[in-house]
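# What the coordinates show
Chain by chain, the residues run as shown.
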Amino acid sequence: VVLVYRRELGIELPLYGEISARDLLRIAKAMAAGSGTDDGWRVPAVPRAFDGVLMRGPTGGSAVVHVGVMIDGQRMLHVEEASHAVIVPVTHWTVAARITGYRRRAA
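One structure accompanies this document, and this report is about it. (Residues numbered from 1 in each chain as written. Predicted model: local features only at pLDDT ≥ 70, side-chain atom pairs only at ≥ 80, totals over all residues. Heavy atoms only, no water.)

## Topic: the overall build of the chain
Short version of the rule: Secondary structure elements are taken from DSSP: a helix is a run of H or I of four residues or more, a strand is a run of E of two residues or more, and numbering for both begins at the N terminus. Each residue's exposure class comes from its accessible area (1.4 Å probe, protein chains only) as a fraction of the maximum for that residue type: buried when under 20%, exposed when over 50%, partly exposed otherwise. For the accessible areas, the method is Shrake-Rupley and the probe is 1.4 Å, while residue cover comes only from the protein chains on display.
What the chain contains, in helices and strands, is two helices and six strands. Reading the chain from its N end, one meets helices and strands in the order α-α-β-β-β-β-β-β. Relative to its 107 residues, the chain shows a buried fraction of 32%. Here the chain has roughly 6,900 Å² of accessible surface; of this, 58% comes from carbon and sulfur atoms.

Listed below in structure tokens is the structure:
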């Protein structure tokens, strides 16, 4: 997501290593609550290109542990060790049940 935003939109997103543990926890809680009011991201009514995709891990659980980026309204790009960078429809069996929501960068 960071690389796509930098290369395609000219936007520098913070890296996790640059965010304090306190801020990271605050942002994670805000995103989990769907508020999007405190983290620079909003919940879109309909996903579109460059929206972030929040996902649970492949083994379950409720925590968001993975992100991707929408390339259009139906497909996302994400990277996983087992598959490298892939573009898949959000309805694909490998991601559909893992997606917990979408976020759009506030202007």
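Read on, since the account is not over.
## Digging into the sheet that holds strand 3 (residues 60-70)
The line we're drawing: Between any two strands, at least two bridges found by DSSP are needed for them to pair.
Taken together, six strands build an open sheet; the order of strands is 1-6-2-3-4-5 and the sheet is antiparallel. In this open sheet, the two edge strands, each paired with only one partner strand, are strand 1 (41-42) and strand 5 (84-89).

## A word on the pairing of strand 2 (residues 52-57)
Counted residue by residue, strand 2 has five buried out of six residues, so it is predominantly covered. Sheet analysis places strand 2 next to strand 3, joined by six bridges and oriented antiparallel. Bridge pairing links Arg56 to Val64 in strand 3. Count of turn residues in the strand 2/strand 3 antiparallel hairpin: two residues. Where strand 2 meets strand 6 (residues 99-105), four bridges bridge the pair, whose relative direction is antiparallel. Bridge assignment links Val53 to a residue of strand 6, and that residue is Tyr102.

## Regarding the nonpolar core
Inclusion rule: The set of buried Ala, Val, Leu, Ile, Met, Phe, Trp, Tyr and Cys residues whose side-chain atoms join them within 4.5 Å is what this entry labels a nonpolar core. The criterion used for residue contact is that any of the two residues' heavy atoms lie within 4.5 Å.
By size, the foremost hydrophobic cluster in this structure holds nine residues: Val53, Met55, Met70, Met76, Val88, Val90, Val95, Ile99 and Tyr102. Where this core is concerned, the elements lending two or more residues are strand 2 and strand 6. The contacts of Val90, once residues within four sequence positions are left out, are Met70, Gln74, Arg75, Met76, Val95, Ala96, Ile99 and Tyr102.

## Details of the layout of surface pockets
So the rule is basically this: In this analysis a 1.4 Å probe is tested at points of a 1 Å grid over the protein atoms alone, and where it fits but cannot get out there is a cavity; an open set with protein on both sides within 12 Å along at least five of seven lines is a pocket; lining residues have an atom within 4 Å of a point. Grid points are joined across faces, edges and corners, and a volume is the space filled by probe spheres set on the points. Put simply, Ala, Val, Leu, Ile, Met, Phe, Trp, Tyr, Cys and Pro go in the nonpolar bin, Asp, Glu, Lys and Arg in the charged bin, and everything else, Gly too, in the polar bin.
Approximately 150 Å³ is the volume attributed to the second largest pocket. Taken together, eleven residues form the lining of the second largest pocket, with Val1, Val67, Leu77, His78 and Val79 sitting closest to its centre. Only helix 1 (2-9), strand 3 and strand 4 (75-80) provide two or more residues apiece to the lining of the second largest pocket. In terms of residue class, the lining of the second largest pocket is made up of nine nonpolar, two polar and no charged.

## Notes on the packing of aromatic side chains
Using the following cut-off: In this analysis, rings of Phe, Tyr and Trp, with Trp reduced to its six-membered ring, are considered paired at centre separations within 6.5 Å, and the interplanar angle assigns stacked below 30 degrees, edge-to-face beyond 60, and tilted for intermediate values.
Under the defined criterion, the tally for this structure stands at two aromatic pairs. Consider the rings of Tyr5 and Phe50, whose centres lie 6.5 Å apart with planes at 80°: the pair is edge-to-face. Of this pair, Tyr5 sits in helix 1 while Phe50 is found in the loop between strand 1 and strand 2, placing the two residues 45 residues apart along the sequence.

## Points about the pattern of salt bridges
To keep things clear, this is the line we draw: Salt-bridge detection follows one rule: a side-chain nitrogen of Lys or Arg within 4 Å of a carboxyl oxygen of Asp or Glu.
Applying the stated criterion across every chain, the model contains four salt bridges. Asp72 serves as the salt-bridge partner of Arg75, at 2.7 Å between the closest nitrogen and oxygen.

Just distances and angles here, no functional claims.
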